[in-house]
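Take a look at the letters that make up each chain.
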Amino acid sequence: SAAEASLVLLSHHIGSIAEHYCNGVGYIEEMLRSQLVSAIGKEIRSEDFTEFILFHNRKLFKNEFVPKPFCHAIRRPGHYPDGVLSIERTGNGDFGTKKNTDPVVTFMRKIEGSSSAPMFFPINAATSVEFTGERFLHAWICHEFGKERESRRGGFNLVARARQFSSFLLLIGTVSGPDSFDPQHAIILQNKDEVLIPLLLNQLPTPKEFKDAIQSLSPEQQRFAKAFRSMQLESSVFGVCAVQLKPQLELLLGLPQFSLTKEIKLTQDLLSLFIDYQISSDLLSFDGDDSMTSSEKVEVVKGHVAAVYEMIQELKEKDLRNAEQEADMRVEMLGGGGWSRGQVGERREKGYSRGGGGGRHRRLDMDAYGRAPPPPAPQMGPPPPSPCMAPPPQASVAFGAPAPVPVPRSAELSATKTRLSVKPKGQAQSDLTKTDASQLYKDSKDLSETPPNSKSVDFTLIPKKLDAKFEALDTDSALRPTVIKTGDVWTKRMQQNLLTKMHEVTLTPGMQKKERNKAFDLLDALSRSGSLPIACAELHVFVAATHCFENSLMATVIQDNINPIEKMEKSMLIVASTIFDLSPAHLLKNEQEEERVVKYSPALFE
């Protein structure tokens, strides 16, 4: 009919109008893109925007509030660092350039150890260790454009490196309370060890998205969702604790401050005894006269170390002899069929043993390389035991028995002196019982600027404060709370000795558990099962947020007509004002910047 024909014609005409409209808008957008590229000189990508934000932060914020690269040196005041701790990009995807593998930048607030209460972390069900020291609160703000979201959630590594002849212990977990830290992972790093731990950034819904999602739920369901989100926010407080081992060894052994700084061999021997053999610290700590000098106290500890190593050597030699005797008995029982006991003993005296298949014999007094052992020493005293039970010469090693451990050279010189020394009764106890650990290692006077309001902070409240600020000030609903978690597979670079090259080892979850148990055993020894506080521990606490743009960078500027610089400024001021507990006006560098920000983000100053 005519009406139907008109309707069809009208539909085709509307489709043609829509197509021409889309072509026109596309032409305008392409023209604007070309003009923008011509004005700037190239097409801006996400990494270019990252570099600009780093440059812009130095002009926007005061020097003490400027975001700084997270690359922290683990050191004692006035001494060479034991290692370095940083968060770096992996270099995947768009971040493969060398410049974009630099450490990430964070807002950093330093809390002096003297102004904060002690914290605790558990190492087993029965033991919690108290630790003190400086604490750092970091706010990490990421940005993502369009399709980058999925590709960049695993693009960062927590990197820890130890210097040669230095060591420290790394704990990774979450801050679970005002005075508690819950370490899920732990590892000991020493002698140029380097560990790369992948970090996963899991974004939570924005406050507005969460509120809209639960609006149609029942009151019971809403309460459940709110309780679960509260748990998610509190679990987003990521923590990394670095424990310096030399200062704690000095406290544990009752040695003066900095006395182990140049005792490299002694420090490594002590760590070996605690880690490999789990020797009690009571066997190694200083128990002499308090009036002795620092070097004399160190010599006493060296003597204790030598005595313990000598005991370990004797036990290993005894185990070796027992293993050789058992091996001899098995050989005689299996290969001595048809012979009487006297014949077996006679053949042992001659040094022969019957081999399988009978016909071929070999000497038992030859080592694995066919060399004859040295002549036996002349016997003094009672006659040797029966030939049937006599052990073979020491040159032969049976059934893969472990080789004896040599006594360390650092302890040989003082071993004799310690054995001959006589300790008078009623001597004073170790220096540790008289000295407060908090006074031995005072907080360093860092040269970096620190905000004046460095006081004790309940880190678990920070995510909730940020969430409330996001809901009130983030009108675009673009800031997402972000949870930081570690990946399943780690990479460790290590050097077996000074003559070998660095090689990589993949740490699976099973190997990570072994490293964790080893580190916790060392902490148990260094803290005397929780009775001695850890005095030199630096805790880095991270809260993260991600500003998400719906489209790519160029599409955000051209299609959405949004200036991402102003949006990032607003997000950073929201987070920074919460971290430093200051108004945005106190953070800005000058009045010109304040006037400009007030013009485009007035809600921040209301």
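These figures come from a predicted structure and were not determined experimentally. (Residues numbered from 1 in each chain as written. Predicted model: local features only at pLDDT ≥ 70, side-chain atom pairs only at ≥ 80, totals over all residues. Heavy atoms only, no water.)

A. Quick look at the overall build of the protein. Across its full length, the protein holds 17 helices and 18 strands. In the protein, which comprises 606 residues, the share counted as buried stands at 43%. About 32200 Å² of surface is accessible on the protein, with carbon and sulfur atoms providing 55% of the total. (Helix = DSSP H or I, 4+ residues; strand = E, 2+ residues; numbered from the N terminus. Buried < 20%, exposed > 50% of the residue type's maximum accessible area, 1.4 Å probe, protein only. Areas by Shrake-Rupley, 256 points an atom, 1.4 Å probe, with all protein chains shown as cover.)

B. Quick peek at the packing of aromatic side chains. Inspection of every chain in the model, using the stated rule, returns eleven aromatic pairs. Taken together, a centroid distance of 4.9 Å and an interplanar angle of 70° make the contact between Phe65 and Phe580 edge-to-face. Pair noted here: Phe65 is in the loop between helix H2 (46-60) and strand S1 (68-69) and Phe580 is in helix H15 (residues 564-580), with a separation of 515 residues, a long-range link. Residue class for Phe580 comes out buried when judged on its relative accessible area of 1%. What links up through ring pairs into an aromatic cluster is the set Phe61, Phe65, Phe107 and Phe580. The lysine or arginine in question, Arg229, covers the ring of Phe210, its NZ or CZ lying 4.9 Å from the ring centre. (Phe/Tyr/Trp six-rings, centres within 6.5 Å; stacked < 30°, edge-to-face > 60°. Lys NZ or Arg CZ within 6 Å of the ring centre and 35° of its normal.)

C. View of the nonpolar core. Counting residues in hydrophobic clusters, the biggest one holds 82 residues, and the most contacted among them are Phe61, Phe131, Leu169, Leu171, Phe181, Leu284 and Leu522. Beyond its immediate sequence surroundings of up to four residues, Leu171 is in contact with Phe121, Phe181, Pro183, His185, Ala186, Gly239, Val240, Cys241, Val243, Phe520 and Leu523. Within the second largest apolar cluster, 28 residues are counted, among which are Val104, Leu189, Phe238 and Ile484. (Core = buried A, V, L, I, M, F, W, Y, C linked by side-chain atoms within 4.5 Å. Contact = heavy atoms within 4.5 Å.)

D. Region of interest: the packing of helix H6 (residues 245-253) against helix H13 (residues 509-526). Taken N-terminus to C-terminus, the directions of H6 and H13 make an angle of 40°; their axes are 10 Å apart at the nearest point. As judged from the angle between their axes, H6 and H13 are oblique. Residues Leu245, Gln248, Leu249 and Leu252 of H6 form the contact with H13, whose own contacting residues are Leu522, Ala525 and Leu526. In the contact of H6 with H13, the residues fall into six nonpolar, one polar and no charged. (Axes fitted to C-alpha atoms, helices over the stretch in contact; angles between N-to-C directions. Parallel < 35°, antiparallel > 145°, perpendicular 65-115°, else oblique. Nonpolar A, V, L, I, M, F, W, Y, C, P; charged D, E, K, R; others polar.)

E. Up close: the packing of H6 against helix H7 (residues 264-276). Where H6 contacts H7, the axes come no closer than 11 Å and their chain directions differ by 75°. Here H6 is positioned roughly perpendicular relative to H7, judged by the angle of their axes. Contacts from Leu245, Lys246, Leu249, Leu252 and Leu253 of H6 reach H7 at Thr267, Leu270, Leu271 and Phe274. Its residues assigned to classes, the contact of H6 with H7 shows seven nonpolar, one polar and one charged.

F. Quick look at a nonpolar patch on the surface. Where nonpolar side chains cluster on the molecular surface, the patch consists of Tyr27, Ile28, Met31 and Leu32 and spans about 400 Å² of accessible area. Here Met31 shows up in helix H1 (residues 2-40). Take Met31: its relative accessible area is 36%, and that puts it in the partly exposed class. (Patch = residues over 30% accessible without salt bridge, like charges linked within 9 Å, V, L, I, M, F, W, Y side chains within 5 Å. Salt bridge = Lys/Arg side-chain N within 4 Å of Asp/Glu carboxyl O.)

G. Geometry of the environment of His547. Topologically, His547 is positioned in strand S18 (residues 537-549). Each C-alpha atom, one on His547 and one on Arg480, is 6.4 Å from the other, the two residues being 67 residues apart in sequence. Looking at His547, its side chain comes within polar contact range of the side chain of Ser571, at 2.6 Å. (Polar contact = N/O pair within 3.5 Å; in protein donor to acceptor, adjacent residues only side chain to side chain.)

H. Quick look at the environment of Ser176. Within the secondary structure, Ser176 sits in strand S9 (residues 167-177). The class of Ser176 is partly exposed, set by a relative accessible area of 45%. Apart from the residues lying within four places of it in its own chain, the contact partners of Ser176 are Phe181, Asp182 and Thr460. A polar contact is formed between the side chain of Ser176 and the side chain of Ser180, at a distance of 3.0 Å.

I. Quick peek at helix H5 (residues 219-234). Over its 16 residues, H5 extends 23 Å from the first C-alpha to the last, a length consistent with the 22 Å expected when each residue adds 1.5 Å. Within H5 the residues assigned to the buried category are Ala225, Arg229 and Leu233. All buried residues of H5 lie within an arc of 75° about the axis, which places them on one face of the element. What points out from H5, more than 90 degrees from its buried face, is the exposed set Arg223 and Phe224. Contacts from the buried residues of H5 go to helix H4 (207-213), helix H12 (462-473) and strand S15 (479-486). (Expected span 1.5 Å × (residues − 1). Arc of directions from axis to C-beta.)

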